[in-house]
Amino acid sequence: MALYSSNLTLSPPKSQSMASLRGTAATARLIHSASRARLSLYSASSSLCLSSSSSYSPSSLKCLQFSPLAPHIFKDQKRSSVSTAAAASDPAQLKSAREDIKELLKSKSCHPILVRLGWHDSGTYNKNIEEWPRRGGANGSLRFDIELKHAANAGLVNALNLIKPIKDKYSGVTFADLFQLASATAIEAGGPKIPMKYGRVDVSAPADCPEEGRLPAAGPPKPADHLREVFYRMGLNDREIVALSGAHTLGRSRPERSGWGKPETKYTKNGPGAPGGQSWTAKWLKFDNSYFKDIKERKDDDLLVLPTDAALFEDPSFKVYAEKYAEDQEAFFKDYAEAHAKLSNLGAKFDPQEGIVLDDVAGEKFTAANYSSGKD
C-alpha cells in the first residue's frame, strides 16, 4: 500500500528553523486550452534539492544541498482576498508530463514514494461530507506545509521535490492530477494499466487542507476494524481494501519515520537509492503478487509484516481475497487497477465533469457526481 514507507529523507540545517522560512512569490499565469483561457494562481519557488540521505547517486549528491525554500515546496500562505480558480489540466501537457515521470522513475527508482504521494492526497476523502474541498480527496492539498506535517505524511516532501521540475515545466497540469499521474505511472512501470481519468481541480489555500487523522495507521489495536473504519469512510469495500494493500509489494518502511521495520535487511542494505529500511518483498521495486505470497508463508524474517498486513489473512472476509491474490496474479492486477482508479478519483472535482482520458484505455466507469457533488 506504500502508506508507511518512503525512500527519501530531507533535513534542514540545524542552524535554520522551519519557522524562519519565508513564503514564495505568487505569479499569475494564463493557461490556455482549446476552448478557453483560465487564470490560475501558481506559487513559484526557487529550486529545491534533496539531502544526502535521498536516493540520488553519490556523484549527484554533491549539488543537492538544502535550499532555504526547500522544506516545503509551497509554503503556507494567507488566503488571498482575490478569488482564483485552479484550471483543469491540459491533455497534451499531461501526456508529456507522464513521459518525464517515466524517465524520473528510471533514473531515481522512486516508484514507492510516488505511489504514496498520490494515495495520501486522495486517501483523506470522507464520503459523508458533500462539500468540496472539505470532504478531502484528490485535490492537491498535500502540497501545503500544514498537511505535509501530518505524521502519516513523513518524508513526502521528498516526493514533491522530485516532481517539482515536472510541475514547473508543465504549468497546465494541476497538482491534483500530477500527484495521481505520478502514482499511476509508477504502478504501470511493471504492474497493470490503470484506467485513469484526469481534470482534477486544485484547492487554492492551506485552509482547504483536511484535518489530521484520516489516513490509516500501521499498528492499531484492532487492525481489521481499523482498515474498515478508514476505507469504508472512503466508500471502498473489503475486496478493494485487500487489493490496494497489495501495493505494499513496492517500498520499504523506515523505523526512524514510522516506528516500524528494521534499520536495514539483506534486501535493502545496498539500495537502490538510500540504503536501509525493511521491505515487504525481496524485489521491492517490482509490482507483482509476491506481497500476498510472502505474508501467507512468513518464511523470511527480513520481510516486513505489519499488523494491518497480517489482518488480511486473519480476518475471514479479507482472507478470501488475500488467498485469491496469492494464487492468481492476473486476478490481483485486475482488481488492483480498478481499485486504484477509484481511489484516485475520490473527492475530486473534475473539469470537465466527465474527466479527461489520455489513452485508448477507458477510465473508470464512474458518475462524476459520486465523487464530486458540484457543491463548492
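All of these numbers come straight from a predicted model, not from anything done at the bench.

1. Some words on empty space enclosed by the protein
Then, number 1: The tally for this structure, following the rule as stated, stands at four cavities of 30 Å³ or more.
Then, number 2: In this structure, the largest cavity occupies an estimated 90 Å³ of space.
Then, number 3: Taken together, 14 residues make up the lining of the largest cavity; nearest its centre are R98, K193, I194, M196 and D359.
Then, number 4: Its residues assigned to classes, the lining of the largest cavity comprises nine nonpolar, one polar and four charged.

2. Some remarks on unusual backbone geometry
Then, number 1: Between W132 and the following residue, P133, the backbone shows a cis peptide bond with an omega angle of 5 degrees.
Then, number 2: Position of P133 relative to the elements: it lies in the loop between α3 (111-122) and α4 (145-148).
Then, number 3: In this model, D351 is joined to P352 through a cis peptide bond whose omega is 5 degrees.
Then, number 4: Looking at the element boundaries, P352 is found in the loop between α13 (329-345) and α14 (368-371).
Then, number 5: At S109, a position not held by glycine, the phi torsion is positive, near 50 degrees.
Then, number 6: Its relative accessible area of 19% is what places S109 among the buried residues.
Then, number 7: One non-glycine residue, R298, adopts positive backbone phi at about 50 degrees.
Then, number 8: Structurally, R298 is set in the loop between α10 (290-297) and α11 (307-314).

3. Structural notes on the packing of α3 against helix α6 (residues 175-188)
When two helices pack together, their arrangement is given by the angle between the helix axes and the distance between those axes.
Then, number 1: Relative orientation of the contacting elements α3 and α6 amounts to 135 degrees, with a least axis distance of 8 Å. Considering their axes alone, α3 and α6 lie oblique with respect to each other. Between α3 and α6 lies a crossing of left-handed hand. On α6, the residues that touch H111, L114, V115, L117, G118, W119, D121 and S122 of α3 are A176, F179, Q180, A182, S183, A186 and I187.
Then, number 2: Among the residues making up the contact of α3 with α6, the classes are represented as nine nonpolar, five polar and one charged.

4. Remarks on the side chain of T268
Then, number 1: Counting through the fold element by element, T268 comes out in the loop between α9 (255-258) and β4 (278-279).
Then, number 2: Residue T268 is classed as buried on the basis of its relative accessible area of 0%.
Then, number 3: A polar atom in the side chain of T268 sits 3.0 Å from the backbone nitrogen of T265.
Then, number 4: The contacts of T268, once residues within four sequence positions are left out, are R252, P275, G276, G277, Q278, S279 and W284.

5. Here's the deal with the confidence of the model for the chain
Then, number 1: Averaged over the chain, the pLDDT score is 80; the fraction of residues at 70 or greater is 72%.
Then, number 2: Low pLDDT, under 50, characterises residues 4-87; the predicted model gives this stretch 187 contacts beyond four residues in sequence or across chains.

6. Examining the pattern of salt bridges
Then, number 1: Tallied over the entire structure, the rule returns 22 salt bridges.
Then, number 2: Residues D177 and R200 are paired through a salt bridge, measuring 2.8 Å at the closest nitrogen-oxygen approach. With a gap of 23 residues between them, D177 in helix α6 and R200 in the loop between α6 and α7 (223-233) connect regions that are remote in the sequence.
Then, number 3: Under the relative-accessibility criterion, R200 is labelled buried at 0%.
Then, number 4: A salt bridge links E327 to K296; the nearest nitrogen and oxygen atoms lie 3.6 Å apart.

7. Here we look at the nonpolar core
It is characteristic of soluble globular proteins that their nonpolar side chains tend to be buried jointly.
Then, number 1: Residues L114, F292, L312 and Y336 are the most contacted members of the largest nonpolar core, which totals 70 residues.
Then, number 2: Here this core takes eight residues from α6, the largest share from any one element.
Then, number 3: Formed by five residues, the second largest nonpolar core is a distinct cluster that contains F144, V201, V203 and C209.

8. Comments concerning the packing of α10 against α11
Then, number 1: α11 packs onto α10 with a crossing angle of 80 degrees between their chain directions and a minimal axis gap of 10 Å. Here α10 lies roughly perpendicular to α11, going by the angle between them. Every residue of α11 that contacts α10 at Y291, F292, I295 and K296 is listed here: D309, L312 and F313.
Then, number 2: When its residues are assigned to classes, the contact of α10 with α11 shows five nonpolar, no polar and two charged.

9. Brief notes about α3
Then, number 1: The terminal C-alpha atoms of α3 lie 17 Å apart, and with 12 residues this matches the ideal 16 Å at 1.5 Å per residue to within 8%.
Then, number 2: With 12 of 12 residues buried, α3 is to be regarded as a mostly interior element.
Then, number 3: Taken together, the buried positions of α3 are occupied by H111, P112, I113, L114, V115, R116, L117, G118, W119, H120, D121 and S122.
Then, number 4: For α3, the elements touching its buried residues are α2 (91-108), α4, α5 (157-169), α6, α8 (238-245) and α13.

Calculation rules
- Residues numbered from 1 in each chain as written.
- Predicted model: local features only at pLDDT ≥ 70, side-chain atom pairs only at ≥ 80, totals over all residues.
- Heavy atoms only, no water.
- 1 Å grid on protein atoms, 1.4 Å probe; cavity = no way out; pocket = protein on both sides within 12 Å on 5 of 7 lines; lining within 4 Å.
- Points joined across faces, edges and corners; volume = space filled by probe spheres on them.
- Nonpolar A, V, L, I, M, F, W, Y, C, P; charged D, E, K, R; others polar.
- Helix = DSSP H or I, 4+ residues; strand = E, 2+ residues; numbered from the N terminus.
- Buried < 20%, exposed > 50% of the residue type's maximum accessible area, 1.4 Å probe, protein only.
- Axes fitted to C-alpha atoms, helices over the stretch in contact; angles between N-to-C directions.
- Parallel < 35°, antiparallel > 145°, perpendicular 65-115°, else oblique.
- Left-handed = near helix turned anticlockwise from the far one by under 90°.
- Contact = heavy atoms within 4.5 Å.
- Polar contact = N/O pair within 3.5 Å; in protein donor to acceptor, adjacent residues only side chain to side chain.
- pLDDT = per-residue confidence, 0-100.
- Salt bridge = Lys/Arg side-chain N within 4 Å of Asp/Glu carboxyl O.
- Core = buried A, V, L, I, M, F, W, Y, C linked by side-chain atoms within 4.5 Å.
- Expected span 1.5 Å × (residues − 1).

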